Amino acid sequence: NGDIHVATITFANDGDYSFTLNFEDLAGNKSESYNESEFTVDMTDPDIIFENVEDGSSNKDEVRPAVRFSDRNFDKNQISLTLKGYRHAEVNVTGMFVEDGNGGRIVLDDFPYDVETDDVYTLTAQATDLAGNKVNKSITFSVNRHGSNYYFSDNTEKYLDTYYHNKEQDIVIHEVNTDALKVNGITVVRDGVSIKLDEDDYSIKDVSSNGWKEYVYTIKAENFAKEGRYEITIDSEDMAGNKQ
């Protein structure tokens, strides 16, 4: 373009580059060499791999997720881990970090063994390399060491606040668990005699929302039509192996 000449060089592949530029005009005048020192082209996102805990898994024993980060231009200062539970607020987490040639591995501490820890968690890892390539990955898993919790519906709770009754009614029980349940049946004991209920004697409704599983058992009033002292047993097992 007149006296201005532009050469465009495309570096289309990842790699470490340098180049030297020389040119000569039509009168034979040669330029001084221009040297570009080494630079890096990196268009590849970092790789994130979760270990020790599988996505969608139920976990009853030791729960120590590990995250492996790898990138040819790894930046240790630009990695982060966050953990959020269905019943726990999101927090930044750290663990034991071991660096290797092209990245590193972080192993979290084992989750506490108290009842409050049981939950459905999402672990999110983020990594940004020295070239600015950023990636996020997440897994969701449950910690379930204590099994189900139960509570009565409001109407059932009011009914059972009184020990003696002259009229039967439906008994409604909610079972809440971090994991899906396999229900093995419901048994009613009247005056010491066990009666395994048929499926027509009760109904089960899954009212789970995102996160925890919740099942509503409605035991029909006619199961309590005869006079007597009653007890109810619900037999279930969750995916973590806890038997209720």
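Note: the structure precedes this text.
Let me sum up the structure you'll find in this document.

## Describing the pairing of strand S15 (residues 193-196)
Of the strand pairs in this sheet, strand S14 (residues 181-190) and S15 are connected by four bridges, and their pairing is antiparallel. Bridged to Arg 190 within S15 is Val 193.

## Structural notes on the nonpolar core
Grouped together as the largest cluster of nonpolar side chains are 22 residues, with contacts concentrated most on Ile 48, Val 67, Phe 69, Leu 81, Leu 123 and Phe 141. Elements that contribute at least two residues to this core include exactly strand S3 (47-51), strand S5 (66-70), strand S6 (79-85), strand S10 (119-128) and strand S11 (134-143). Dropping the residues within four chain positions of it, Phe 141 is found in contact with Val 53, Glu 54, Ser 57, Asn 59, Val 63, Pro 65, Leu 83, Phe 111, Asp 119, Val 120, Tyr 121 and Leu 123. Counting residues in each nonpolar core, the second largest holds 13 residues, with Tyr 159, Leu 197, Tyr 215 and Phe 224 among its members.

## Observations regarding the layout of surface pockets
Estimated volume of the largest pocket: approximately 670 Å³. Lining the largest pocket are 21 residues, and of these Tyr 163, His 165, Gly 228, Arg 229 and Tyr 230 sit closest to its centre. Contributions of two or more residues to the lining of the largest pocket are made by helix H1 (154-160), strand S13 (171-177) and strand S18 (230-238). Ranked by the residues each element gives to the lining of the largest pocket, the list is headed by S18, at three residues. Of the residues contributing to the lining of the largest pocket, the split by class is 11 nonpolar, four polar and six charged. Taken as a whole, the second largest pocket spans an internal volume of roughly 210 Å³. Residue lining of the second largest pocket: 15 residues in total, with Leu 83, Val 93, Phe 111, Pro 112 and Tyr 121 positioned closest to the centre. At three residues, S6 tops the list of elements feeding residues into the lining of the second largest pocket. Per-class residue counts for the lining of the second largest pocket are eight nonpolar, four polar and three charged.

## Digging into the pattern of salt bridges
Overall, the coordinates contain seven salt bridges when judged by the stated rule. Where Arg 68 meets Asp 100, a salt bridge forms, and the shortest distance between an N and an O atom there is 3.6 Å. Separated by 32 residues along the polypeptide, Arg 68 in strand S5 and Asp 100 in strand S8 (residues 96-100) bring together distant segments of the chain. Taking relative accessible area as the criterion, Asp 100 reaches 39% and is therefore assigned partly exposed. Its salt-bridge partner being Asp 110, residue Arg 145 comes within 3.2 Å of it at the nearest N-O pair. Residue Arg 145 is found in the loop between S11 and strand S12 (149-152), and its partner Asp 110 is found in the loop between strand S9 (103-107) and S10; the two are separated by 35 residues along the sequence. Owing to a relative accessible area of 24%, Asp 110 belongs among the partly exposed residues under this scheme. A single salt-bridge network, built from bridges that share partners, covers Glu 51, Arg 68, Asp 100 and Arg 105.

## Remarks on the side chain of Thr 117
Topologically, Thr 117 is positioned in the loop between S9 and S10. Setting aside chain neighbours within four positions, we find Thr 117 in contact with His 88, Phe 111, Pro 112 and Val 143.

## Considerations on the side chain of Asn 223
Relative to the helices and strands, Asn 223 resides in the loop between strand S17 (213-219) and S18. Of the residues examined, Asn 223 reaches a relative accessible area of 17% and is grouped as buried. Engagement of the side chain of Asn 223 in a polar contact is seen with the backbone oxygen of Asp 201, the distance being 2.9 Å. Discounting residues that sit within four places of it in the chain, Asn 223 has contacts with Leu 197, Asp 201 and Tyr 230.

## Overview of unusual backbone geometry
Even without a glycine there, the phi angle at Asn 52 is positive, about 75°. Along the chain, Asn 52 falls in the loop between S3 and strand S4 (58-59). Relative accessible area serves as the criterion here: at 54%, Asn 52 is assigned to the exposed category. At Asp 191, a residue that is not glycine, the phi angle is positive and equals roughly 50°. Here Asp 191 shows up in the loop between S14 and S15.

Analysis parameters
Residues numbered from 1 in each chain as written. Predicted model: local features only at pLDDT ≥ 70, side-chain atom pairs only at ≥ 80, totals over all residues. Heavy atoms only, no water. Pairing = 2+ DSSP bridges. Helix = DSSP H or I, 4+ residues; strand = E, 2+ residues; numbered from the N terminus. Core = buried A, V, L, I, M, F, W, Y, C linked by side-chain atoms within 4.5 Å. Buried < 20%, exposed > 50% of the residue type's maximum accessible area, 1.4 Å probe, protein only. Contact = heavy atoms within 4.5 Å. 1 Å grid on protein atoms, 1.4 Å probe; cavity = no way out; pocket = protein on both sides within 12 Å on 5 of 7 lines; lining within 4 Å. Points joined across faces, edges and corners; volume = space filled by probe spheres on them. Nonpolar A, V, L, I, M, F, W, Y, C, P; charged D, E, K, R; others polar. Salt bridge = Lys/Arg side-chain N within 4 Å of Asp/Glu carboxyl O. Polar contact = N/O pair within 3.5 Å; in protein donor to acceptor, adjacent residues only side chain to side chain.

Purely spatial values, then, with no claim about function.
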